[in-house]
Amino acid sequence: MARMTSSARPLLNRRLAEFGTTIFAEMSALAVRTGSINLGQGFPDTDGPEEIREAAVRALREGRGNQYPPGPGIPELRTAITAHQLRRYGLSYDPDTEVLVTAGATEAIAAALLALLEPGDEVIAFEPYYDSYAACIAMAGGTRVPVTLRAHEGGFRLDLDELRDAVTDRTRLLLINTPHNPTGTVLTREELTAIAELAVERDLLVVTDEVYEHLVFDEAGHLPLATFPGMRERTVSIGSAGKTFSFTGWKVGWVTAAEGLVAAVRSAKQFLTYVASGPFQYAVAEALALPDSYFSAFREDMLAKRDLLAAGLTEAGFQVFRPAGTYFITTDIRPLGESDGFAFCRALPDRAGVVAIPNAVFYDHREAGAPYVRFAFCKQTAVLEEAVRRLKALAG
(Lines give C-alpha, C1' and ligand atoms only; values in the text may rest on other atoms or scores of the structure.)
Protein backbone atom coordinates (compact mmCIF):
# COMPACT_ATOMS: atom_id res chain seq x y z
CA MET A 1 0.00 0.00 0.00
CA ALA A 2 1.33 3.42 -0.93
CA ARG A 3 2.43 5.56 2.00
CA MET A 4 0.96 9.02 2.36
CA THR A 5 3.52 11.75 2.96
CA SER A 6 3.42 13.33 6.41
CA SER A 7 4.81 16.59 5.10
CA ALA A 8 2.51 19.60 5.20
CA ARG A 9 4.11 20.88 2.02
CA PRO A 10 1.56 21.18 -0.83
CA LEU A 11 1.97 18.78 -3.74
CA LEU A 12 1.82 21.49 -6.39
CA ASN A 13 4.92 23.61 -6.98
CA ARG A 14 4.31 26.92 -5.22
CA ARG A 15 5.06 28.83 -8.43
CA LEU A 16 1.94 27.28 -9.94
CA ALA A 17 -0.26 27.44 -6.86
CA GLU A 18 -2.31 30.35 -8.18
CA PHE A 19 -3.14 28.52 -11.43
CA GLY A 20 -5.96 26.02 -11.34
CA THR A 21 -7.91 24.47 -14.19
CA THR A 22 -7.98 26.92 -17.09
CA ILE A 23 -11.14 28.88 -17.66
CA PHE A 24 -11.26 27.43 -21.18
CA ALA A 25 -11.63 23.90 -19.83
CA GLU A 26 -14.29 25.00 -17.37
CA MET A 27 -16.38 26.91 -19.89
CA SER A 28 -16.04 24.32 -22.65
CA ALA A 29 -17.25 21.65 -20.22
CA LEU A 30 -20.16 23.93 -19.35
CA ALA A 31 -21.00 24.25 -23.05
CA VAL A 32 -21.12 20.47 -23.42
CA ARG A 33 -23.15 19.98 -20.25
CA THR A 34 -25.77 22.55 -21.23
CA GLY A 35 -25.80 22.02 -24.99
CA SER A 36 -24.82 25.66 -25.49
CA ILE A 37 -23.07 27.28 -28.43
CA ASN A 38 -19.42 27.60 -27.44
CA LEU A 39 -18.14 31.06 -28.31
CA GLY A 40 -15.65 30.84 -25.46
CA GLN A 41 -12.61 28.83 -26.51
CA GLY A 42 -10.98 30.11 -29.69
CA PHE A 43 -10.99 27.16 -32.03
CA PRO A 44 -12.69 26.96 -35.44
CA ASP A 45 -15.59 24.56 -35.93
CA THR A 46 -14.48 23.66 -39.47
CA ASP A 47 -11.18 22.38 -40.79
CA GLY A 48 -8.83 24.41 -42.93
CA PRO A 49 -7.99 23.95 -46.64
CA GLU A 50 -8.64 20.47 -47.98
CA GLU A 51 -5.37 20.42 -49.92
CA ILE A 52 -3.44 21.03 -46.71
CA ARG A 53 -5.26 18.26 -44.88
CA GLU A 54 -4.46 15.97 -47.81
CA ALA A 55 -0.82 17.03 -47.60
CA ALA A 56 -0.76 15.69 -44.04
CA VAL A 57 -2.39 12.44 -45.14
CA ARG A 58 0.13 12.12 -47.95
CA ALA A 59 3.01 12.63 -45.52
CA LEU A 60 1.61 9.95 -43.21
CA ARG A 61 1.22 7.45 -46.05
CA GLU A 62 4.68 8.15 -47.41
CA GLY A 63 6.28 7.72 -44.00
CA ARG A 64 7.45 11.32 -43.71
CA GLY A 65 7.39 12.47 -40.10
CA ASN A 66 6.09 9.25 -38.59
CA GLN A 67 9.32 8.98 -36.62
CA TYR A 68 11.11 11.74 -34.74
CA PRO A 69 11.62 14.75 -36.99
CA PRO A 70 14.80 16.83 -36.62
CA GLY A 71 14.97 18.78 -33.37
CA PRO A 72 14.79 22.24 -34.98
CA GLY A 73 11.98 21.12 -37.32
CA ILE A 74 12.03 19.59 -40.78
CA PRO A 75 14.10 21.54 -43.33
CA GLU A 76 11.07 22.01 -45.62
CA LEU A 77 9.11 23.82 -42.94
CA ARG A 78 12.02 25.93 -41.73
CA THR A 79 12.62 27.02 -45.33
CA ALA A 80 8.90 27.77 -45.81
CA ILE A 81 8.86 29.88 -42.63
CA THR A 82 11.81 31.97 -43.79
CA ALA A 83 10.26 32.39 -47.24
CA HIS A 84 7.02 33.57 -45.61
CA GLN A 85 8.82 36.09 -43.40
CA LEU A 86 10.79 37.46 -46.34
CA ARG A 87 7.87 37.62 -48.75
CA ARG A 88 5.44 39.28 -46.39
CA TYR A 89 7.65 41.43 -44.18
CA GLY A 90 11.08 41.69 -45.78
CA LEU A 91 12.64 39.85 -42.83
CA SER A 92 15.52 37.57 -43.79
CA TYR A 93 16.35 34.58 -41.58
CA ASP A 94 18.67 31.61 -41.99
CA PRO A 95 16.50 28.47 -41.98
CA ASP A 96 19.31 26.43 -40.43
CA THR A 97 20.20 28.67 -37.49
CA GLU A 98 17.45 31.27 -37.01
CA VAL A 99 14.25 29.17 -37.05
CA LEU A 100 12.88 26.71 -34.50
CA VAL A 101 9.69 24.67 -34.94
CA THR A 102 7.69 24.13 -31.74
CA ALA A 103 4.61 22.30 -30.48
CA GLY A 104 2.38 25.27 -31.13
CA ALA A 105 2.92 28.85 -30.01
CA THR A 106 2.28 27.86 -26.39
CA GLU A 107 5.45 25.80 -26.28
CA ALA A 108 7.35 28.55 -28.08
CA ILE A 109 6.33 31.01 -25.37
CA ALA A 110 7.23 28.58 -22.60
CA ALA A 111 10.60 27.70 -24.11
CA ALA A 112 11.48 31.34 -24.74
CA LEU A 113 10.68 32.40 -21.18
CA LEU A 114 12.36 29.38 -19.59
CA ALA A 115 15.46 30.01 -21.69
CA LEU A 116 15.77 33.76 -21.32
CA LEU A 117 14.74 34.40 -17.69
CA GLU A 118 16.56 33.96 -14.41
CA PRO A 119 14.67 33.90 -11.09
CA GLY A 120 13.78 37.44 -10.10
CA ASP A 121 13.85 38.87 -13.62
CA GLU A 122 10.89 41.11 -14.35
CA VAL A 123 8.73 40.60 -17.43
CA ILE A 124 6.39 43.32 -18.62
CA ALA A 125 3.23 41.99 -20.26
CA PHE A 126 0.16 43.83 -21.44
CA GLU A 127 -2.91 42.86 -19.47
CA PRO A 128 -5.35 41.39 -20.21
CA TYR A 129 -2.96 38.66 -21.36
CA TYR A 130 -3.32 35.10 -22.58
CA ASP A 131 -3.33 32.91 -19.49
CA SER A 132 -0.25 30.84 -20.36
CA TYR A 133 1.94 33.95 -20.15
CA ALA A 134 1.52 34.23 -16.39
CA ALA A 135 2.09 30.51 -15.84
CA CYS A 136 5.22 30.42 -18.02
CA ILE A 137 6.71 33.47 -16.32
CA ALA A 138 6.05 31.80 -12.97
CA MET A 139 7.63 28.50 -14.05
CA ALA A 140 10.73 30.41 -15.15
CA GLY A 141 10.92 32.10 -11.76
CA GLY A 142 10.29 35.52 -13.23
CA THR A 143 8.13 38.31 -11.89
CA ARG A 144 5.33 39.56 -14.12
CA VAL A 145 4.70 43.26 -14.27
CA PRO A 146 1.37 44.02 -15.95
CA VAL A 147 0.76 47.16 -17.97
CA THR A 148 -2.97 47.50 -18.50
CA LEU A 149 -4.61 48.18 -21.86
CA ARG A 150 -7.56 50.43 -21.03
CA ALA A 151 -10.87 50.95 -22.81
CA HIS A 152 -10.75 54.13 -24.86
CA GLU A 153 -12.79 55.36 -27.83
CA GLY A 154 -14.21 51.99 -28.82
CA GLY A 155 -11.05 49.98 -28.28
CA PHE A 156 -8.28 49.22 -25.80
CA ARG A 157 -5.18 51.38 -25.82
CA LEU A 158 -1.65 51.18 -24.46
CA ASP A 159 -0.41 54.00 -22.23
CA LEU A 160 3.20 54.46 -23.34
CA ASP A 161 4.05 56.52 -20.27
CA GLU A 162 2.82 53.71 -18.04
CA LEU A 163 4.94 51.27 -20.03
CA ARG A 164 8.08 53.39 -19.62
CA ASP A 165 7.44 53.81 -15.90
CA ALA A 166 7.11 50.02 -15.49
CA VAL A 167 10.69 49.39 -16.65
CA THR A 168 13.17 48.99 -13.80
CA ASP A 169 16.75 47.79 -13.46
CA ARG A 170 15.30 44.29 -12.96
CA THR A 171 13.35 44.29 -16.22
CA ARG A 172 14.71 41.62 -18.56
CA LEU A 173 12.03 41.21 -21.17
CA LEU A 174 8.94 42.68 -22.79
CA LEU A 175 6.25 40.14 -23.72
CA ILE A 176 4.23 41.68 -26.55
CA ASN A 177 1.10 40.30 -28.21
CA THR A 178 -0.17 42.01 -31.36
CA PRO A 179 -2.78 41.45 -32.70
CA HIS A 180 -3.83 41.18 -29.07
CA ASN A 181 -5.90 38.44 -27.48
CA PRO A 182 -8.41 39.05 -25.90
CA THR A 183 -9.02 42.73 -26.75
CA GLY A 184 -8.42 42.63 -30.52
CA THR A 185 -6.07 45.62 -30.25
CA VAL A 186 -3.47 45.99 -33.00
CA LEU A 187 -0.52 48.12 -31.94
CA THR A 188 0.04 51.08 -34.25
CA ARG A 189 3.27 51.96 -36.02
CA GLU A 190 3.75 54.81 -33.55
CA GLU A 191 3.27 52.51 -30.55
CA LEU A 192 5.62 49.89 -31.96
CA THR A 193 8.22 52.57 -32.69
CA ALA A 194 8.04 53.73 -29.07
CA ILE A 195 8.32 50.15 -27.79
CA ALA A 196 11.32 49.52 -30.03
CA GLU A 197 13.05 52.71 -28.87
CA LEU A 198 12.43 51.77 -25.24
CA ALA A 199 13.80 48.25 -25.75
CA VAL A 200 16.95 49.58 -27.38
CA GLU A 201 17.42 52.34 -24.80
CA ARG A 202 17.07 49.96 -21.83
CA ASP A 203 18.69 46.96 -23.57
CA LEU A 204 15.65 44.73 -23.18
CA LEU A 205 14.82 41.45 -24.88
CA VAL A 206 11.40 41.20 -26.51
CA VAL A 207 9.21 38.16 -27.13
CA THR A 208 6.41 38.88 -29.60
CA ASP A 209 3.39 36.60 -29.92
CA GLU A 210 2.17 37.16 -33.49
CA VAL A 211 -0.12 34.16 -33.98
CA TYR A 212 -2.93 36.36 -35.34
CA GLU A 213 -0.67 38.05 -37.90
CA HIS A 214 -3.03 37.16 -40.76
CA LEU A 215 -6.08 38.49 -38.96
CA VAL A 216 -5.44 42.23 -39.07
CA PHE A 217 -8.54 43.83 -40.56
CA ASP A 218 -6.85 47.06 -41.61
CA GLU A 219 -5.54 46.76 -45.16
CA ALA A 220 -2.13 47.95 -43.93
CA GLY A 221 -1.71 44.50 -42.36
CA HIS A 222 0.57 43.22 -39.64
CA LEU A 223 3.71 45.08 -38.55
CA PRO A 224 6.29 42.74 -36.96
CA LEU A 225 8.30 44.42 -34.22
CA ALA A 226 11.45 42.75 -35.57
CA THR A 227 11.29 45.05 -38.61
CA PHE A 228 11.87 48.16 -36.49
CA PRO A 229 15.37 49.65 -36.02
CA GLY A 230 17.48 47.78 -33.50
CA MET A 231 14.90 45.05 -32.95
CA ARG A 232 15.89 42.08 -35.10
CA GLU A 233 18.81 41.16 -32.86
CA ARG A 234 16.78 41.38 -29.62
CA THR A 235 13.35 40.03 -30.69
CA VAL A 236 12.01 36.47 -30.51
CA SER A 237 9.05 36.35 -32.91
CA ILE A 238 6.48 33.59 -32.46
CA GLY A 239 4.09 32.35 -35.15
CA SER A 240 1.63 29.50 -35.49
CA ALA A 241 -0.19 27.52 -38.14
CA GLY A 242 -3.23 26.78 -36.00
CA LYS A 243 -4.86 30.20 -36.14
CA THR A 244 -4.10 30.92 -39.81
CA PHE A 245 -4.97 27.56 -41.32
CA SER A 246 -7.67 26.36 -38.88
CA PHE A 247 -5.85 23.22 -37.79
CA THR A 248 -5.39 24.06 -34.11
CA GLY A 249 -5.04 20.40 -33.12
CA TRP A 250 -1.89 19.97 -35.19
CA LYS A 251 0.12 22.13 -32.77
CA VAL A 252 2.71 23.54 -35.16
CA GLY A 253 4.33 26.80 -34.11
CA TRP A 254 7.68 28.43 -34.65
CA VAL A 255 10.26 30.91 -33.46
CA THR A 256 12.29 33.21 -35.68
CA ALA A 257 15.13 35.20 -34.13
CA ALA A 258 18.84 35.89 -34.30
CA GLU A 259 21.02 32.80 -34.03
CA GLY A 260 21.99 33.27 -30.38
CA LEU A 261 18.38 33.72 -29.28
CA VAL A 262 17.19 30.67 -31.23
CA ALA A 263 20.01 28.58 -29.73
CA ALA A 264 18.93 29.63 -26.25
CA VAL A 265 15.26 28.86 -26.87
CA ARG A 266 16.15 25.53 -28.47
CA SER A 267 18.12 24.57 -25.36
CA ALA A 268 14.93 24.83 -23.30
CA LYS A 269 12.57 23.47 -25.95
CA GLN A 270 14.50 20.21 -26.39
CA PHE A 271 13.58 19.21 -22.84
CA LEU A 272 9.87 20.03 -23.22
CA THR A 273 8.37 18.09 -26.13
CA TYR A 274 11.74 17.39 -27.78
CA VAL A 275 9.89 17.20 -31.14
CA ALA A 276 6.27 17.06 -32.24
CA SER A 277 3.79 17.01 -35.12
CA GLY A 278 6.07 15.30 -37.64
CA PRO A 279 3.70 14.68 -40.57
CA PHE A 280 1.88 17.95 -39.95
CA GLN A 281 5.10 19.89 -40.38
CA TYR A 282 5.20 18.82 -44.03
CA ALA A 283 1.61 19.98 -44.52
CA VAL A 284 2.24 23.35 -42.88
CA ALA A 285 5.24 23.86 -45.16
CA GLU A 286 2.84 23.63 -48.08
CA ALA A 287 0.28 25.84 -46.34
CA LEU A 288 2.74 28.70 -45.89
CA ALA A 289 3.31 28.67 -49.65
CA LEU A 290 -0.39 29.15 -50.44
CA PRO A 291 -1.07 32.16 -52.69
CA ASP A 292 -1.92 35.54 -51.23
CA SER A 293 -5.52 34.98 -52.26
CA TYR A 294 -5.88 32.38 -49.50
CA PHE A 295 -4.78 34.79 -46.79
CA SER A 296 -6.99 37.57 -48.18
CA ALA A 297 -10.05 35.32 -48.36
CA PHE A 298 -9.39 34.05 -44.83
CA ARG A 299 -9.25 37.60 -43.50
CA GLU A 300 -12.35 38.70 -45.38
CA ASP A 301 -14.33 35.71 -44.09
CA MET A 302 -13.38 36.51 -40.51
CA LEU A 303 -14.14 40.19 -41.05
CA ALA A 304 -17.68 39.34 -42.15
CA LYS A 305 -18.11 37.10 -39.12
CA ARG A 306 -16.76 39.81 -36.83
CA ASP A 307 -19.32 42.27 -38.14
CA LEU A 308 -22.16 39.73 -37.85
CA LEU A 309 -21.42 38.95 -34.21
CA ALA A 310 -20.62 42.57 -33.30
CA ALA A 311 -23.99 43.71 -34.64
CA GLY A 312 -25.81 40.95 -32.78
CA LEU A 313 -24.05 41.68 -29.50
CA THR A 314 -24.85 45.38 -29.86
CA GLU A 315 -28.51 44.58 -30.47
CA ALA A 316 -28.49 42.29 -27.41
CA GLY A 317 -27.42 45.24 -25.27
CA PHE A 318 -23.67 44.81 -24.85
CA GLN A 319 -21.17 47.59 -25.36
CA VAL A 320 -19.00 46.17 -28.12
CA PHE A 321 -15.31 46.88 -28.68
CA ARG A 322 -14.92 46.08 -32.36
CA PRO A 323 -11.55 44.33 -32.75
CA ALA A 324 -8.91 45.51 -35.20
CA GLY A 325 -7.49 41.97 -35.29
CA THR A 326 -7.80 38.37 -33.99
CA TYR A 327 -11.09 36.46 -33.95
CA PHE A 328 -12.33 37.67 -30.57
CA ILE A 329 -14.72 40.43 -29.52
CA THR A 330 -14.53 41.96 -26.06
CA THR A 331 -17.77 43.37 -24.67
CA ASP A 332 -18.78 45.37 -21.61
CA ILE A 333 -21.73 43.85 -19.73
CA ARG A 334 -22.56 46.92 -17.63
CA PRO A 335 -25.21 48.19 -20.08
CA LEU A 336 -27.03 44.91 -19.31
CA GLY A 337 -27.08 45.81 -15.61
CA GLU A 338 -24.24 43.35 -14.88
CA SER A 339 -20.75 43.93 -13.51
CA ASP A 340 -19.31 40.50 -12.62
CA GLY A 341 -18.01 38.74 -15.72
CA PHE A 342 -17.50 35.42 -13.93
CA ALA A 343 -21.07 35.26 -12.67
CA PHE A 344 -22.42 36.46 -16.00
CA CYS A 345 -20.53 33.81 -18.02
CA ARG A 346 -21.49 31.00 -15.67
CA ALA A 347 -25.17 31.99 -15.93
CA LEU A 348 -25.19 32.77 -19.66
CA PRO A 349 -25.64 29.14 -20.84
CA ASP A 350 -28.88 28.84 -18.89
CA ARG A 351 -30.04 32.33 -19.80
CA ALA A 352 -29.22 32.26 -23.52
CA GLY A 353 -27.60 28.95 -24.48
CA VAL A 354 -24.25 30.59 -25.29
CA VAL A 355 -20.83 30.29 -23.64
CA ALA A 356 -18.31 33.14 -23.38
CA ILE A 357 -15.15 33.82 -21.37
CA PRO A 358 -14.81 36.37 -18.52
CA ASN A 359 -11.88 38.64 -19.34
CA ALA A 360 -10.96 39.01 -15.66
CA VAL A 361 -9.04 35.71 -15.87
CA PHE A 362 -6.55 37.53 -18.12
CA TYR A 363 -5.79 40.23 -15.53
CA ASP A 364 -3.63 40.54 -12.43
CA HIS A 365 -5.85 43.48 -11.56
CA ARG A 366 -9.07 41.47 -11.60
CA GLU A 367 -11.23 44.49 -10.88
CA ALA A 368 -10.01 46.15 -14.10
CA GLY A 369 -11.35 43.23 -16.15
CA ALA A 370 -14.46 42.45 -14.11
CA PRO A 371 -17.11 43.87 -16.48
CA TYR A 372 -15.60 42.53 -19.71
CA VAL A 373 -16.55 39.32 -21.52
CA ARG A 374 -14.95 37.77 -24.62
CA PHE A 375 -16.72 36.03 -27.50
CA ALA A 376 -15.03 34.09 -30.33
CA PHE A 377 -16.32 34.46 -33.89
CA CYS A 378 -14.19 31.77 -35.61
CA LYS A 379 -17.33 29.69 -36.16
CA GLN A 380 -19.61 28.84 -39.05
CA THR A 381 -21.88 31.68 -40.12
CA ALA A 382 -25.00 29.66 -39.29
CA VAL A 383 -23.68 29.01 -35.77
CA LEU A 384 -23.03 32.72 -35.24
CA GLU A 385 -26.48 33.59 -36.54
CA GLU A 386 -28.07 31.16 -34.06
CA ALA A 387 -25.92 32.54 -31.24
CA VAL A 388 -27.05 36.06 -32.12
CA ARG A 389 -30.68 34.93 -32.11
CA ARG A 390 -30.27 33.41 -28.65
CA LEU A 391 -28.39 36.39 -27.22
CA LYS A 392 -31.20 38.73 -28.19
CA ALA A 393 -33.14 37.24 -25.28
CA LEU A 394 -30.89 39.29 -23.01
CA ALA A 395 -32.28 42.50 -24.44
CA GLY A 396 -35.89 41.50 -23.83
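Use the structure listed above.
Before going into details, it helps to say that this report is about the structure given with it.

Rules of the game
Residues numbered from 1 in each chain as written. Predicted model: local features only at pLDDT ≥ 70, side-chain atom pairs only at ≥ 80, totals over all residues. Heavy atoms only, no water. Axes fitted to C-alpha atoms, helices over the stretch in contact; angles between N-to-C directions. Helix = DSSP H or I, 4+ residues; strand = E, 2+ residues; numbered from the N terminus. Parallel < 35°, antiparallel > 145°, perpendicular 65-115°, else oblique. Left-handed = near helix turned anticlockwise from the far one by under 90°. Contact = heavy atoms within 4.5 Å. 1 Å grid on protein atoms, 1.4 Å probe; cavity = no way out; pocket = protein on both sides within 12 Å on 5 of 7 lines; lining within 4 Å. Points joined across faces, edges and corners; volume = space filled by probe spheres on them. Nonpolar A, V, L, I, M, F, W, Y, C, P; charged D, E, K, R; others polar. Domains from an automatic or database assignment.

To continue, consider the packing of helix α3 (residues 75-89) against helix α10 (residues 278-288). When two helices pack together, you describe them by how their axes are tilted relative to each other and by the distance separating the axes. Where α3 meets α10, the axes come as close as 8 Å, and the angle between the chain directions of the two elements is 25°. In terms of orientation, α3 lies roughly parallel with respect to α10. Between α3 and α10 the crossing geometry is left-handed. Facing Glu76, Leu77, Ala80, Ile81, His84 and Arg87 of α3, the residues of α10 in contact are Gln281, Tyr282, Val284, Ala285 and Leu288.

Here we take up the layout of surface pockets. Considering only enclosed or pocket space, the largest pocket measures out at about 990 Å³ in volume. Together, 43 residues line the largest pocket, and Thr22, Phe24, Tyr130, Asp131 and Ser132 are the ones closest to its centre. For the lining of the largest pocket, the secondary structure elements donating two or more residues are α1 (23-34), α4 (104-116), α5 (131-139), α8 (241-245) and α12 (341-352). Tallying contributions element by element places α5 first for the lining of the largest pocket, with five residues. Residue classes in the lining of the largest pocket are distributed as 19 nonpolar, 13 polar and 11 charged. Both domain 1 (14-41 + 293-393) and domain 2 (50-290) contribute no fewer than three residues apiece to the lining of the largest pocket. Considering only enclosed or pocket space, the second largest pocket measures out at about 350 Å³ in volume.

Keep in mind these numbers describe shape, not what the thing actually does.
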